[in-house]
Every structure is written in structure tokens, then in C-alpha cells.
Amino acid sequence: MNTMKLGVNIDHVAVLREARRVNDPDIMQALYVASANGADQITIHLREDRRHIQDSDAKKIIQSSSIPVNLECSINTDILNIVCALKPHRATLVPEKREEVTTEGGLDVFGHEDAIAYAIEQLHDSVIPVSLFIDPSIEAVNQSRKLGAEMVELHTGTFANLYAMLHSSLSYSNHSIKELELPRNHLASMLEKSLEDIKNAAVHAHSLGLEVAAGHGLNYHNVSHMMDIKEIIELNIGQSIIARSVFSGLADAVKEMKRITTR
Ligand code: PXP
């Protein structure tokens, strides 16, 4: 059996809270429920635009979590200073663009070489281990090792998108996705190739002594494919877990309000 550490990303609980700017749903409750039900790690992303997790959330979560906290952040100097002071169990460096809906690809480990090396040094000086969120390629793995990270998180977004196009009923509101026009057998070979890329990158990273995580777009349908890659020791999953929790909890929530409002 291949048991991986499950990192539960609770950013989307804060997304919902920020829609109203009241403390409901309470991010600390999300932390307690996730840790009481099998999460091995909590993952949060302190974005430059603070669209969900706030500095005070990160502080409270790191101070009171009974399980390790993996704090995702960009290489922005102000953010790095905050992260160094917060001292999470690990920092994962991710690319960030203001206009993106979510993290769209891996870090550009070649284009921002010096800035990433400096960020890693700064985090190490604060005794914070560093993971780099990278595209699953041998070159990006080699570069991550060279830059001094101890872990890589392989971006599974391409795999997840192709999987959804081929296998699931998940609908895409983005009709400009050009792959949707491709014949199914072509999509199937692209999916196979995307899995091979993840596997090869994981095996290579492991052989270099790097720890290997994976994440982005993983859900209840596609995650089993990651379980076959023994070099991957951790998965970070957010959207699908929080999305499912809406429907596993909505019936009870409505029933309870109906009970209270019935005389
Ligand atoms: N890992 C990293 C580095 C991420 O940036 C994200 C998205 O915030 C995830 C994992 C989780 O992705 P998802 O929400 O699609 O499960």
C-alpha cells in the first residue's frame, strides 16, 4: 500500500469568508475539522493580493495547528519577510500573477534563478525548509536541486485538465481551451504523456535526494493515478475537497435552518 501524506489546502474556506468579510466560515474550524479527520498537513497560500488567507489567519494557523503547516508564497520580498517571521513548517515557493484565477503553472526556475536562490537562502536562514512548485520536467527538477531546495511539488494541472476533458463530467466554462477540439485518442495520448512526465520527474527528483509532493487539480476521480507513483510522498489538495464539502454538508445545513424556522 502506498500511503501518502495528505495536505489539505483550506484557502477556499477563506475565499467564502472574504465574500462577506465576516468570520463565517471560520478558518480555524476548517483547520480543526481537517486535522481531526486525517489531514497530515494544512496548506495555505498567503497571496500578495490577500484575496483569501490573511496574515492574521496564517499566524493563528501556524501557532495553533497540531499538524505541520505548509505555507505557499511567492518570491516577493515583503511576503518572504512575513513568511520568515511566521516560521511555518515549510514554505512552498509558487509563481503568482494578480489576474490569475489560481496558480497556473510551475515556478519559472530558469527565468528567476537569482531571485529564487536568494529566497531559498533567506528561508533557510530562518530554518524553514523549502519546496519549489515546478512543472514536471527533468530540467526543472535539476534546477531545483541546484538552487538548494530540499523538496519539489510537481504541478499536476496539465494532467488534471486532460483527465477532466476525457473522463469526467466536470464542465469547463473556459470554452477557449483548444484541447477540447482534439480527437479523443489524441487527448488520451496527451494524458498518458502528462502522467509519464510526472512519474519521470518524481523518479528523477527522488534519485537526487529531493522529497517529492504533487498537487493542483487533483480530485476524487483522478487522484488514484498519483498513488501509483511511489516516489511521491505528499499530495496537496484544496478545491475538490472544499467543493465536495459543500454538498456533503448542505443537506444538514438546510434541515437545521428549517427546524429552527418551523413553529
Ligand atoms: N499545490 C499548490 C502549490 C497550489 O498552489 C495549489 C492551489 O492553491 C494546490 C496545491 C491545490 O490545488 P487545488 O486547489 O486545485 O487542489
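Everything discussed here concerns the structure shown above.
Residues numbered from 1 in each chain as written. Predicted model: local features only at pLDDT ≥ 70, side-chain atom pairs only at ≥ 80, totals over all residues. Heavy atoms only, no water.

**Structural notes on the overall build of the protein**
Short version of the rule: Secondary structure elements follow DSSP: runs of H or I of four or more residues count as helices, runs of E of two or more count as strands, with numbering from the N terminus. The size measure is the radius of gyration over C-alpha atoms, and the globule rule it meets is 2.2 Å times the number of residues to the 0.38 power. Relative accessibility decides the category of a residue: with a 1.4 Å probe and only protein chains considered, values under 20% of the type maximum give buried, values over 50% give exposed, and everything between is partly exposed. Residues are treated as being in contact if the distance between any of their heavy atoms lies within 4.5 Å.
Helix and strand counts for the protein stand at 10 helices and eight strands. A globule of 263 residues ought to have a C-alpha radius of gyration of about 18 Å, and the protein, at 19 Å, matches this closely. By principal-axis analysis of the C-alpha atoms, the protein measures approximately 65 × 50 × 40 Å. For the protein, buried positions account for 44% of its 263 residues. Across the protein, contacts joining residues at least 24 apart in sequence account for 67% of those joining residues at least 6 apart.

**Things to note about the environment of V141**
Looking at the secondary structure, you find V141 in helix 6 (residues 138-147). Looking at V141, the relative accessible area reads 0%, which means it is buried. Each residue touching V141, except ones within four places of it in the same chain, is listed here: I134, A201, H204, A205, L208 and L210.

**Notes on the site of the ligand**
The condition that has to hold: Whether a residue is near a molecule or strand depends on its heavy atoms: if one lies within 4 Å, it is near. Per-residue and other accessible areas were derived by the Shrake-Rupley procedure at a 1.4 Å probe size, with only the shown protein chains allowed to occlude residues. Classification used: nonpolar for Ala, Val, Leu, Ile, Met, Phe, Trp, Tyr, Cys and Pro, charged for Asp, Glu, Lys and Arg, polar for all others including Gly.
Taken together, 12 residues are adjacent to the ligand, and E72, E153, G217, G238 and Q239 come closest. Relative to its unbound accessible area of 400 Å², the ligand is 94% covered by the protein chains. Tallied by class, the residues present in the shell around the ligand amount to three nonpolar, seven polar and two charged.

**Concerning the nonpolar core**
When a protein is soluble and globular, its nonpolar side chains tend to lie buried together. Filter applied, for reference: The set of buried Ala, Val, Leu, Ile, Met, Phe, Trp, Tyr and Cys residues whose side-chain atoms join them within 4.5 Å is what this entry labels a nonpolar core.
I10, L93, L132 and I232 are the most contacted members of the largest nonpolar core, which totals 66 residues. Top contributing element to this core by residue count: helix 8 (residues 184-207), with six residues.

**A closer look at unusual backbone geometry**
Cis peptide bonds are those with omega within 30 degrees of zero, and the linkage from D24 to P25 qualifies with 5°. Of note in the backbone geometry, R21 takes a positive phi value of approximately 55° without being a glycine. Residue placement: R21 occurs in the loop between helix 1 (11-18) and helix 2 (27-36). The backbone of R50 sits at a positive phi, close to 50°, despite the residue not being glycine. By secondary structure assignment, the location of R50 is in the loop between strand 2 (41-45) and helix 3 (55-64). Overall, R50 belongs to the partly exposed group, its relative accessible area being 22%.

**So, the packing of helix 7 (residues 157-167) against helix 8**
Condition: Axes, fitted as lines to C-alpha atoms, cover a helix only where it is in contact. Angles between the N-to-C directions of the axes lie from 0 to 180 degrees. Should an angle fall under 35 degrees it is called roughly parallel, over 145 degrees roughly antiparallel, and 65 to 115 degrees roughly perpendicular, with every other angle called oblique. Handedness of a crossing is defined here by the sense of rotation of the near helix relative to the far one, left-handed for an anticlockwise turn of less than a right angle and right-handed for a clockwise turn.
Interhelical geometry of helix 7 versus helix 8 gives an angle of 150° and a closest axis separation of 9 Å. For the element pair helix 7 / helix 8, the angle class is roughly antiparallel. In terms of crossing hand, the pair formed by helix 7 and helix 8 is left-handed. Packed against helix 7, whose contacting residues are T158, F159, L162, Y163, M165, L166 and H167, the element helix 8 presents R184, L187, A188, M190, L191, S194, L195 and I198 at the interface.

**With respect to the pairing of strand 1 (residues 5-9)**
The cut-off we apply is this: Think of it this way: DSSP has to see at least two bridges between two strands before they count as a pair.
Relative to strand 8 (residues 234-237), strand 1 is paired through four bridges, and the arrangement is parallel. For G7, the partnering residue across the bridge sits in strand 8 and is N236. Taken together, the three bridges between strand 1 and strand 2 define a ladder with parallel strand orientation. Within strand 2, the residue paired with G7 across the bridge is Q41.

**Comments concerning the packing of aromatic side chains**
Operational definition: A pair of aromatic rings is counted whenever rings of Phe, Tyr or Trp (Trp by its six-membered ring) have centres within 6.5 Å, and the orientation is called stacked for planes under 30 degrees apart, edge-to-face for over 60 and tilted otherwise.
By the definition in use, this model includes one aromatic pair. Pairing F159 with Y163 gives two aromatic rings, centres 5.9 Å apart and planes at 50°, and the pair type is tilted. With F159 and Y163 both in helix 7 and four residues apart, this pair spans about one turn of that helix. Judged on exposure class, the residue F159 and its partner Y163 are both buried.

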